[in-house]
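# Geometric and topological summary
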Amino acid sequence: MPLTPEDVVTKQFQHVRFKEGFDPDEVDDFLDEIVVEWRKTIAENEELKAKLAAFESGEAPAAQESVQQEEAAPETQVVDEAPAPSEPVEAPAATGTAPAAASAGIIELAQRLHDEHVAEGKAQKEKLISEAQAEADAILNDARSKARDEITRLESERGTLEGRISELRQFERDYRVQLRGFIEEKLRDLDVAGTSGSTPIPAS
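Numbering of residues begins from 1 in every chain and follows the order in which that chain's sequence is written. It should be noted that, the model being predicted, local features are given only for residues of pLDDT at least 70 and side-chain atom pairs only at 80 or more, the latter also being counted only at that level, while totals for whole chains, interfaces and linings use all residues. No hydrogens and no water enter the side-chain calculation; it runs on all heavy atoms of the structure.

### Quick look at the overall build of the protein chain
Secondary structure summary: the protein chain contains five helices and zero strands in total. Only DSSP runs of H or I covering at least 4 residues are called helices, and only runs of E covering at least 2 are called strands; the numbering of each starts at the N terminus. Listed by position from the N terminus, the elements making up the protein chain come as α-α-α-α-α. Here the protein chain holds 204 residues, and 11% of them are scored as buried. Residue burial is assigned from relative accessible area. The probe radius is 1.4 Å, only protein chains are included, and a residue is buried under 20% of its type maximum, exposed over 50%, and partly exposed in between.

### Brief notes about the confidence of the model for the protein chain
In low-pLDDT segments, the atomic positions of the prediction should not be examined closely. pLDDT measures how confident the predictor is about each residue, on a scale from 0 to 100. Mean pLDDT for the protein chain: 75, with 66% of residues reaching 70 or above. For the protein chain, per-element mean pLDDT is lowest for helix α4 (residues 74-80), which scores 42, and highest for helix α5 (residues 90-197), which scores 84. Here residues 73-95 is a poorly scored stretch, pLDDT under 50, and it has 16 contacts once near neighbours within four places are set aside; other chains count. In what follows, a contact means two residues having at least one pair of non-hydrogen atoms within 4.5 Å.

### Thoughts on helix α2 (residues 24-57)
Here the expected length of a helix is defined as 1.5 Å per residue gap, with one fewer gap than residues. Helix length check: α2 (34 residues) gives 49 Å between terminal C-alpha atoms against 50 Å at 1.5 Å per residue, within 8%. Every buried residue belonging to α2 is among Val 27, Phe 30, Leu 31, Ile 34, Glu 37, Thr 41, Asn 45, Leu 52 and Phe 55, and all of these are buried. Positive backbone phi, at 100°, marks Gly 58, one or two positions downstream of α2.

### Some thoughts on a negative patch on the surface
Surface patches are defined over residues having more than 30% relative accessible area and no salt bridge, joining like charges when they lie within 9 Å and nonpolar side chains (Val, Leu, Ile, Met, Phe, Trp, Tyr) when within 5 Å. Computed with the Shrake-Rupley method and a 1.4 Å probe, the accessible areas treat only the protein chains shown as cover for residues. Salt bridge criterion: a side-chain nitrogen from Lys or Arg within 4 Å of a carboxyl oxygen from Asp or Glu. Counting rule applied: Lys, Arg positive; Asp, Glu negative; His and chain ends not counted. By convention, the point assigned to a charge is CZ for Arg, NZ for Lys, CD for Glu and CG for Asp. A cluster of acidic residues, Asp 25, Asp 28, Asp 29, Asp 32 and Glu 33, forms a negative patch on the protein surface. You can see Asp 32 is positioned in helix α2.

### Quick look at the side chain of Thr 41
Positionally, Thr 41 belongs in helix α2. Residue Thr 41 is classed as buried on the basis of its relative accessible area, which comes to 13%.

### Overview of the pattern of salt bridges
Two side chains bearing opposite charge may form a pair once their charged atoms approach each other closely. Taken as a whole and assessed by the stated rule, the structure comprises eight salt bridges. The residue Glu 157 makes a salt bridge to Arg 153 at a minimum N-O spacing of 2.5 Å. Of the two residues, Glu 157 and Arg 153 both sit in helix α5, four residues apart, roughly one turn of that helix. For Arg 153, a relative accessible area of 38% translates into the label partly exposed.

### Description of the nonpolar core
We call a set of buried Ala, Val, Leu, Ile, Met, Phe, Trp, Tyr and Cys residues a nonpolar core when their side-chain atoms join them within 4.5 Å. By size, the foremost hydrophobic cluster in this structure holds seven residues: Val 27, Phe 30, Leu 31, Ile 34, Ile 106, Leu 109 and Leu 113. Elements supplying a minimum of two residues to this core: α2 and α5. With four residues, the single largest contributor to this core is α2.

Structure representation (structure tokens):
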């Protein structure tokens, strides 16, 4: 069936899942149908305009008169058909206006569908960019938080290790002092023992 303006107005597109807007393929197919019918309408409009121009120039009445003269008496046809050219002029003009209006409606609808499709594409693009930016910010903030926590943990471990090192150095100093005192004490004992062993034995 030929496409009518009512078909364009009442056309329902199927919604797709997991995506906003209409199915792009279905919209493109319907726009292709509009273009085909639009071209047909333009061709018909041009044909009607050509016929109207020919009729207004007097070519069509002459052809019609010659056909009628062959079918009827010349005298009667010339008198009866003389006013005929003024009457059919309105029909081609009216017929040519309707396709022009239909073409304008189809063009307007196609442009509106195109604009809506482009607007939906832009909105979807901006939404994806916004979501990606928010996700990137969240990842960056999480990484910064983890970095701060790791730095705090490392500083805490460093403080613990520094305290342990200080304790070990103090233990080393105390041990050296105790070891030195122990050795000196033993040396003194040896000196005392040596002095006692070298005392002369009294004569009998």
